[in-house]
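Coordinates in review
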Amino acid sequence: IPLPRRMSAPLPLTLPNRYPGEHLVRSRANLLRSIELLGDSAPDLAAMRTIAGRTVVLAKHPALAREVLTGHPRSLRKGLGLQRTRRILGNGLLTSEGEFHLRQRRLAQPAFHRERIARHADIMVACTQALAATWRPGERLDLARAMHHLTLDIVGRTLFGVELQGQAAAMGRALTAVLDSISVWLLLIGDRLYDWPLPAMRRARRAIPVLDAAIFEVIAQHRRGAGDEVDLLAMLMGARDTEGDGSGMTDRQLRDEVMTLILAGHETTANALAWAWWFLAQHPEADARLAEEARAVCGTRAPGFADLPALAYTRAVFSAAMRLRPPAYATSREVVPPIELGGHTIPAGAQVVVSPWVTHRDPRWWTDPLRFNPDRWLAPRSEPQLKAAYFPFGAGTRVCIGEQFAWTEGILLLATLAQRGRSRLAVPAAAVRAQPAVTLRPSPGVPVVCEPRG
């Protein structure tokens, strides 16, 4: 469904403020509501001005969103929010730009090839089984917290091998402190916020040296030949830029990439899984189908990488959860020189936002868009009516490098846990809110009661 071509003209404000800060007042400073209000103001391309005078443009139409994510490589750079996280993440894949980003991606890509991911599938399942073995019928637990611990364990084992040992708990606490400090206020105030005497910032400043020490120690151990030759860190260390000068990554570059993979890798998948269990607890028929598929495909044995094609409904459940609760609910690009988008001129300095939260719920591309319905992902598949309307992992040269790792992990973890039991929400579903932090978290978690399968 192509957009009509129009003569380029300045983009008018589709959501003007009658008084300074009106938009913030109407959204009650809720970022998701703020994005929704902006999206409601125009069908394809919406614009507003922040209280600080910055122009924000929302590319709502899938074709425009894809153009932002895949086009204008020399005119768009990472949005202000990610630019300001370099103080924590360094210059890794998530924050780097230009030729350096392309070089780092070339070096890291072999670590995420299909055959490498397949070798880690057994670790994913074994970690999941070990966690499930500690749960008892009738026990109340927070599945959001459990998924965070599980995915951190998996990332640690596949990225670091067995080298973390007793540092995992300390790293988990440090990661939580760092993630809590990466807030939407970075966009308004800037990275000087890290120097403010706020409790969250103090915790983050104490946490970064803990993470750095652990990461550099593991790098040193791998340099001494103590690492597993198939873990991802060993792959990154052995990678060489064959299209450039043949060099590899320095220890500092390795630290930045490892920090990015830990923060982005475990946080996004954990939240996607937590939301999937939240939906399943409300839809017992979908939960039963998930368990039945696991039994039909795997019997009593554990799922494996070879089972992925047959676990179609499990994949559909994961897809449906990420449609309605996309962990990366919005991303932005900063306009460097002015660009043309949708027939309008977007000025330099503007922040162009694409939001799966908005586009994944657009009734033009989805029937009954707010309904959790895994069947819409099964053959004969008719949705979305425009393929580009679904992009939980982004698109283009900056599409998530760990996308296939995340699909493998999500499907295998869902199938493995579905074999072991089911969960019942311990609070009303409405009590679990979507909290737009660095990713879309369930707040205050997903409290459930564990129950055995009948």
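Scope of this entry: the structure provided in the associated data block. (Residues numbered from 1 in each chain as written. Predicted model: local features only at pLDDT ≥ 70, side-chain atom pairs only at ≥ 80, totals over all residues. Heavy atoms only, no water.)

Examining the nonpolar core
We apply this condition: Take the buried residues of types Ala, Val, Leu, Ile, Met, Phe, Trp, Tyr and Cys, join any two whose side-chain atoms come within 4.5 Å, and each joined set is a nonpolar core. Only protein chains enter the area calculation, which uses a 1.4 Å probe; residues under 20% of their type maximum are buried, those over 50% are exposed, and those in between are partly exposed. Helix numbers and strand numbers start at the N terminus; a helix is a DSSP run of H or I with at least 4 residues, a strand a run of E with at least 2. The contact definition used throughout considers only heavy atoms, calling two residues in contact when any of these lie within 4.5 Å.
Trp-135, Leu-143, Met-147, Phe-160 and Ile-262 are the most contacted members of the largest nonpolar core, which totals 119 residues. The greatest single-element share of this core, amounting to 16 residues, is contributed by helix H13 (residues 251-282). Every residue in contact with Met-147, bar those within four places of it in the chain, is listed here: Leu-131, Trp-135, Ala-270, Leu-273, Ala-274, Trp-277 and Leu-417. In terms of nonpolar packing, the next biggest core, distinct from the first, is built from 19 residues, Leu-64, Val-68, Ile-339 and Phe-391 among them.

Brief notes about the pattern of salt bridges
Side chains that differ in charge, positive against negative, can pair when their charged atoms come close. Stated formally: For this document, the term salt bridge refers to a Lys or Arg side-chain nitrogen within 4 Å of an Asp or Glu carboxyl oxygen.
Counted according to the given criterion, the structure contains 18 salt bridges. Here Asp-44 and Arg-364 are joined by a salt bridge, their closest N and O atoms 2.9 Å apart. Placement of the pair is Asp-44 in the loop between helix H2 (31-40) and strand S2 (45-49) and Arg-364 in the loop between helix H16 (356-359) and helix H17 (403-420), with a sequence separation of 320 residues. Taking the relative accessible area as the measure of exposure, Arg-364 reaches 31% and is therefore partly exposed. Linking Arg-157 and Asp-153 is a salt bridge whose minimum nitrogen-to-oxygen distance equals 2.9 Å.

A word on the packing of aromatic side chains
To describe a pair of aromatic rings, you give the distance between the ring centres and the angle between the ring planes. What counts here: We call Phe, Tyr and Trp rings a pair once their centres come within 6.5 Å, taking the six-membered ring for Trp, and we label the pair stacked below 30 degrees between planes, edge-to-face above 60, and tilted otherwise.
All told, the structure shown has eight aromatic pairs when counted by the stated rule. Measuring from centroid to centroid gives 5.2 Å for Trp-275 and Trp-278, while their planes differ by 85°, and the two rings are edge-to-face. Here Trp-275 and its partner Trp-278 are both found in helix H13, three residues apart, which amounts to about one turn of the helix. Between Trp-278 and Phe-279, the aromatic rings sit 4.9 Å apart at their centres with planes inclined by 65°, giving edge-to-face as the arrangement. Each of the two residues, Trp-278 as well as Phe-279, counts as buried. A network of ring pairs unites the aromatic residues Trp-275, Trp-278, Phe-279 and Phe-372 as a single cluster.

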